[in-house]
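Report on the structure
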Amino acid sequence: MERENMVKSVSRALDIITLVSMKKGGLGVTEIAKQIDINKSSVYRILSTLVQYGYIEQDGETGKYKLGYKFLEVSSKLLESIDLRAEARPFLQELENETNEVIHLVVYDQGEVVYIEKLEGNETLRMHSKVGKRAPMHCTSVGKAILAHLPSSVVLDILERKGMPVHTDKTITDKEEFLKELSQVRQKGYALDLEENEYGITCIAVPIFDHLGKVIAAVSISGPTMRMTEDRMNTLKSVMVKTGKAISARLGHVSPLS
């Protein structure tokens, strides 16, 4: 019976925290009691305990209760402990199962992308990519997906330092043309590599954002151009955008309302 009461108190405390978090200016004891249908004395006892531990604070002027700074401390520790590969892997496996194609997860580092995960898929595809390898940004879908969401000054600096070397005869080497493509990537939400890095290989990628809204990575699907037809790419676009948003959400990113 005692254990049941303890669990009930925890449940009520969580309900109160959730309720208070939804009201920017805070809530009073009476307001909380009415909304969760428990007596004011019980609400006050729970609030007092939460205040003691720093999870709730009472406004000195209004007397209302609001979230305490302890939540920032806890959330920062959670964010520090997030492992991008571990959080992304279930989504990557889902993509692999659905498409049977090669799936890449890359991070941005010093003007290049670095492959940190690669799922081979069930179809045969020879690619130069491997975990730990670096790749240019201007001719890869993952690179474009990241560049499109970096500050323009950073993009121009990368292009100046790294150049836009030719990898195939389809590589974009004109800066103005490339910047226009990045603008389209931002609008569409995905980036394409149409045999710009390797002949015979077409890729589609989406950006991944962290809890601050900063682009930190990208995920892609790569397949032979003969399989990556226009119809199939149209199907993959929505799948990829959804996947990118899902992984970003796991990292604490909140998508802006459209």
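Residue numbers run consecutively from 1 along every chain, following the written order of its sequence. Residues qualify for local features only when their pLDDT is at least 70, as the model is predicted, and side-chain atom pairs are given and counted only at 80 or more; totals for whole chains, interfaces and linings, by contrast, use all residues. Computation of side-chain values: all heavy atoms of the structure, hydrogens and water removed.

As recorded in an unreviewed UniProt entry, the chain goes by Glycerol operon regulatory protein and comes from Cytobacillus oceanisediminis.

Comment: elements are numbered from the N terminus, with helices defined as DSSP H or I runs of at least four residues and strands as E runs of at least two. Inspection of the secondary structure puts Ile-103 in strand 3 (residues 102-109). With 137 residues separating them in the primary sequence, Ile-103 and Met-240 have C-alpha atoms 11 Å apart. Only heavy atoms enter the contact rule, under which two residues are in contact if any of them lie within 4.5 Å. Setting aside residues up to four positions removed in sequence, Ile-103 forms contacts with Leu-92, Leu-95, Glu-96, Glu-117, Lys-118, Leu-119, Val-219, Ser-220 and Ile-221.

For the rest of this paragraph, the subject is unusual backbone geometry. A positive phi is found at Asn-100, a non-glycine position, where the angle reads about 65°. Assessed through its relative accessible area of 24%, Asn-100 is described here as partly exposed. Remark: exposure states derive from per-residue accessible area (1.4 Å probe, protein chains only) relative to the maximum for the residue type, with buried under 20%, exposed over 50%, and partly exposed in between.

This part takes up the pattern of salt bridges. Think of a salt bridge as a Lys or Arg side-chain nitrogen and an Asp or Glu carboxyl oxygen that are within 4 Å of each other. The full count for this structure, using the stated rule, is 13 salt bridges. For Glu-87, the salt bridge identified is with Arg-250, shortest N-O distance 2.7 Å. Of this pair, Glu-87 sits in helix 5 (residues 84-99) while Arg-250 is found in helix 9 (residues 230-250), placing the two residues 163 residues apart along the sequence. Relative accessible area serves as the criterion here: at 47%, Arg-250 is assigned to the partly exposed category. Taking the shortest distance from any N to any O, the salt bridge between Arg-227 and Glu-101 comes out at 2.8 Å. A residue pair is termed long-range when its members are at least 10 positions apart, and Arg-227 in the loop between strand 8 (215-224) and helix 9 and Glu-101 in the loop between helix 5 and strand 3 qualify at 126 residues. A residue is classified by how much of its surface remains accessible, and Arg-227, at 26% relative accessible area, is partly exposed. When its relative accessible area of 1% is taken as the criterion, Glu-101 is described as buried. Residues participating in the shared-partner salt-bridge network are Asp-109, Glu-112, Arg-134 and Lys-162.

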